[in-house]
Amino acid sequence: MSDNGAEINPFSETKIDMPKPKVDIYRACYTLVQRTELVTALLLTLIIVFLHFIFMGNAGALWRDEVSTFNVATMPSISEVWRSLIWHPFPIFTSMVLRLWTAAVGGSDFRLRVFGFLVGISILGCLWLNARLLTRSVPLLSLVLFALNPLAIQIGDSIRPYGMGYFFILLAFAFIWKVTDQPNILKIIVATLAAVLSVQFLLHNAFLLMAIIFAGVVVTLRRGCWKRSVLLIAMGVVAAISLLPYRQIFREAQQWSALTKDPVTFLWILKVFSQALAAPGQFMLAIWICLFILGIAAAVYLQFSRSPDFSKTERDFILFCSIVMVASISLLVILYKLISISTKPWYYLPSIVLTAVSLDAILRRKGQIVTVFRITLAIFIVVFSWSAVWQKVHTRQTNLDIIASRLERSANKNDMILLHPWFYAVAFQQYYHGPIAFMTIPPIDDFKVHRYDLVKGKMASDDPLQPILDRMTETLMSGHSIWLVGDTDLPLKEQSPCFLPPAPHTVYGWRLSQYMKCWWEQAGCFINSHSSERTALQPVIDKSINPNEDCHIRLIRGWRP
């Protein structure tokens, strides 16, 4: 009963507005968390741009791989650029882009570092573009898993083709999904162009492209859209056809490619892969493993979950990402095992960037808990990797330019400059302008690129070091000095040199590493036996140097019969 005696109907449709403080608080918290994630990603992006800037200012001169790329790009004619691709294992597109840059801006070390900086920043932009196109979110995990990796900064900002390869494989990833989901003419054109350019800048992107297209085909077949499957396969075929002009180059390169082969195991490949993941610190390896397991588990769960929070499209996209992760890593590992090359950590960065973007998409939900986890993890990685990242972006890429300048001032014209190993000469010849005709172990006469074919000829010869030994004898007997540059640790005095017959008539076949070791033992034992003074000079610069080209000088004097 009401106060005036009227009866209240409990089933009346009269609406009573009641406050909903819990809902308002939830919405406020959700908005706050989303804005925090956005601000964190923006601040992190600015920090990474700053790290790229620091690297550009500290990288210094070009190291040998960059010098080789620059020399190929600036050959006198396009036809010579094309012929040089036999010794430069990348398609011609990188050389053409770099050739245009040097023609328009210049080819000084600093201007080339600016070029690398712009490429590195473009990768950051592509991470943001992918996040907005694919998940309408921010690339928080992509930034800390890949962009903050100092190896990605060092390699992506070099003038090698890697950075541009990362950019286009990311673009292909995004637009191939768009074609898989809802194709139209514009998406198909962009996806096809990105696919072609990804392999035209980086050859082993072909295997990553295969993984992306395979993931798209699986999704389209599950949907029953077989015409889209044919479309995706056709895009891959177009990318493959674009590589046909290189058939003759690949065939000629096989004449010396055996020199780069080593017996590698899957365990060795995974060890090098883990070095790339752990570049910011060993703790990152554990984080990667945990996130990968979590991502796969989440992807499997969502395929069978009937939760209304996820649409069919979202489930398909997560399936697509999980297949890309597994297939891209598996295909690269199998590739490197089949071709049996001793890989470097940066060889795995294209697969790492795809995995980072995929994990970023899988481990993303609109709920507060997942977002808070992403923010917390990102901050944790930044804090605990900062010291290593800061140190590595201050690393100089070579000190051979400083050594070359020092020898120009200190070496007498009758002295001898000897470089070991031979490939250091690629960078040394770029910066040395003195009067002495330097020599390498073994002696070769072209250092514009890595001439493995000339080294192969020395492996097949009877006594390739005799010119070196004769020149050392002449130099020491005349009272002059030998400036040994590179890896200058001499063999033990009681050690005897090894001698190998001409390749491939040994158990090592064409394994270059064994011949290089033997040649150095012969030269080093000669120095131990016939010189009276072997002085290791002080470091040429008091700064962190890239271990791939941290060279030393040893001064050899005095003849001893």
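Anything mentioned here points back to the structure above.
Presented here is a report on the structure given in the accompanying data block. Just so you know, these numbers come straight off a predicted model, no measurement behind them. Each chain carries its own residue numbering, running from 1 in the direction its sequence is written. Totals for whole chains, interfaces and linings use all residues, but because this is a predicted model, local features are given only for residues with pLDDT of at least 70 and pairs of side-chain atoms are given and counted only at 80 or more. Only hydrogens and water are set aside when side-chain values are computed; all heavy atoms of the structure are taken into account.

## A short note on the packing of helix α6 (residues 140–147) against helix α16 (residues 349–362)
Reasoning step 1: Across the interface, α6 lies against α16 with an axial gap of 8 Å and an inter-helix angle of 155°. The angle between α6 and α16 falls in the class roughly antiparallel. Handedness of the crossing formed by α6 with α16: right-handed. Across the interface between the two elements, Leu140, Leu141, Ser142, Leu145 and Phe146 from α6 touch Leu349, Ile352, Val353, Ala356, Val357, Leu359 and Asp360 from α16.
Reasoning step 2: Split by residue class, the contact of α6 with α16 holds ten nonpolar, one polar and one charged. Axis angles are defined between N-to-C directions and span 0 to 180 degrees, where every axis is a line fitted to C-alpha atoms and, for a helix, only to the segment in contact. Put simply, DSSP marks the helices as runs of H or I at least four residues long and the strands as runs of E at least two long, and each gets a number from the N terminus on. Throughout this description, any angle smaller than 35 degrees is read as roughly parallel, any larger than 145 degrees as roughly antiparallel, any in the 65 to 115 degree range as roughly perpendicular, and the remainder as oblique. Whether a crossing is left-handed or right-handed is set by the direction in which the near helix is turned from the far one by less than a right angle, anticlockwise for left-handed and clockwise for right-handed. A contact between two residues is defined here by any heavy atoms of the two lying within 4.5 Å. Under this grouping Gly is polar, as are all residues other than the nonpolar Ala, Val, Leu, Ile, Met, Phe, Trp, Tyr, Cys and Pro and the charged Asp, Glu, Lys and Arg.

## What to know about helix α11 (residues 226–241)
Reasoning step 1: For α11, which comprises 16 residues, the first-to-last C-alpha distance of 22 Å matches the rise-based estimate of 22 Å (1.5 Å per residue) to within 8%.
Reasoning step 2: Restricting attention to buried positions, one finds in α11 the residues Ser229, Leu232, Met235, Gly236 and Ala239. Projection of α11 onto a plane perpendicular to its axis shows the buried side chains occupying an angular sector of 120°, all on one side. What points out from α11, more than 90 degrees from its buried face, is the exposed set Trp226 and Lys227.
Reasoning step 3: Lining the buried residues of α11 we find α8 (162–181), α9 (185–201) and α10 (205–223). Between the first and last residue of a helix there are one fewer steps than residues, each counted as 1.5 Å, and that sum is the expected span. Only protein chains enter the accessibility calculation, which uses a 1.4 Å probe. A residue is then buried if its area is under 20% of the maximum for its type, exposed if over 50%, and partly exposed in between. Along the arc lie the directions from the helix axis toward the C-beta atoms.

## Considerations on the nonpolar core
Reasoning step 1: Here, nonpolar core refers to any group of buried Ala, Val, Leu, Ile, Met, Phe, Trp, Tyr and Cys residues whose side-chain atoms link them within 4.5 Å. One finds Leu145, Ile176, Phe320, Ile417 and Phe428 to be the most contacted residues of the largest nonpolar core, which totals 182 residues.
Reasoning step 2: Top contributing element to this core by residue count: α8, with 14 residues.
Reasoning step 3: Setting aside chain neighbours within four positions, we find Phe320 in contact with Phe173, Ile176, Trp177, Thr180, Ile212, Ala215, Gly216 and Val219.

## A short note on the sheet that holds strand β5 (residues 552–559)
Paired through backbone hydrogen bonds, the strands of a sheet run either parallel or antiparallel to each other.
Reasoning step 1: When DSSP finds two or more bridges between two strands, those strands count as paired. Taken together, five strands build an open sheet; the order of strands is β2-β1-β3-β5-β4 and the sheet is mixed. This sheet does not close on itself; its edge strands, each paired only once, are β2 (439–440) and β4 (531–536).
Reasoning step 2: The pairing of strand β1 (residues 416–420) with strand β3 (residues 482–486) spans five bridges and is parallel. The residue bridging Met416 from the neighbouring strand is Ile482, located in β3.
Reasoning step 3: Its contacts with the sheet place helix α18 (residues 400–410) against β1, β3 and β5, and it is angled at close to 175° to β3.

## Looking at unusual backbone geometry
Reasoning step 1: Here His420 and Pro421 are connected by a cis peptide whose omega angle stands at -5°.
Reasoning step 2: Of note, Pro421 is situated in the loop between β1 and α19 (425–431).
Reasoning step 3: The omega angle of the peptide bond from Ala503 to Pro504 is 5°, so this bond is cis rather than trans.
Reasoning step 4: By the element assignment, Pro504 lies in the loop between β3 and α22 (512–530).
Reasoning step 5: Here the phi dihedral of Arg136 falls at roughly 55°; this positive angle occurs in a residue that is not glycine.
Reasoning step 6: On the secondary structure map, Arg136 appears in the loop between α5 (109–134) and α6.
Reasoning step 7: For Ser340, which is not glycine, the phi dihedral falls at a positive 55°.
Reasoning step 8: Structurally, the position occupied by Ser340 is in the loop between α15 (312–339) and α16.

## A look at a nonpolar patch on the surface
Reasoning step 1: What goes into a patch is any residue over 30% in relative accessible area without a salt bridge, connected to like charges within 9 Å or, for nonpolar side chains (Val, Leu, Ile, Met, Phe, Trp, Tyr), within 5 Å. Surface accessibility follows the Shrake-Rupley procedure with a 1.4 Å probe radius. Residue values consider only the protein chains on display as shielding. By definition here, a salt bridge exists when the distance from a side-chain nitrogen of Lys or Arg to a carboxyl oxygen of Asp or Glu is within 4 Å. Residues Ile47, Phe50, Phe53, Trp386 and Trp390 make up a contiguous nonpolar surface patch of roughly 450 Å² in combined accessible area.
Reasoning step 2: Among the elements of the structure, α1 (21–58) and α17 (368–393) are those that each provide at least two residues to the nonpolar patch.
Reasoning step 3: For the nonpolar patch, the leading source of residues is α1, giving three residues.
Reasoning step 4: Classification of Trp390 by relative accessible area gives partly exposed; the value is 32%.

## Here we look at the packing of aromatic side chains
Reasoning step 1: What counts as a ring pair is set by centres within 6.5 Å for rings of Phe, Tyr and Trp (its six-membered ring), and what kind of pair is set by the plane angle: stacked under 30 degrees, edge-to-face over 60, tilted for all other angles. Applying the stated criterion across every chain yields a total of 32 aromatic pairs.
Reasoning step 2: Summarising the aromatic geometry, the rings of Trp177 and Phe317 are spaced 5.1 Å apart at their centres and angled 50° between planes, so their arrangement reads as tilted. Taken as a pair, Trp177 in helix α8 and Phe317 in helix α15 lie far apart in primary sequence, 140 residues in all.
Reasoning step 3: For Trp177, a relative accessible area of 4% puts it in the buried group.
Reasoning step 4: Three or more aromatic residues link up through ring pairs in this structure, and these residues are Trp63, Phe273, Tyr336, Trp346, Tyr347 and Tyr348.

Geometric descriptors of this kind do not, in isolation, establish any biological role.
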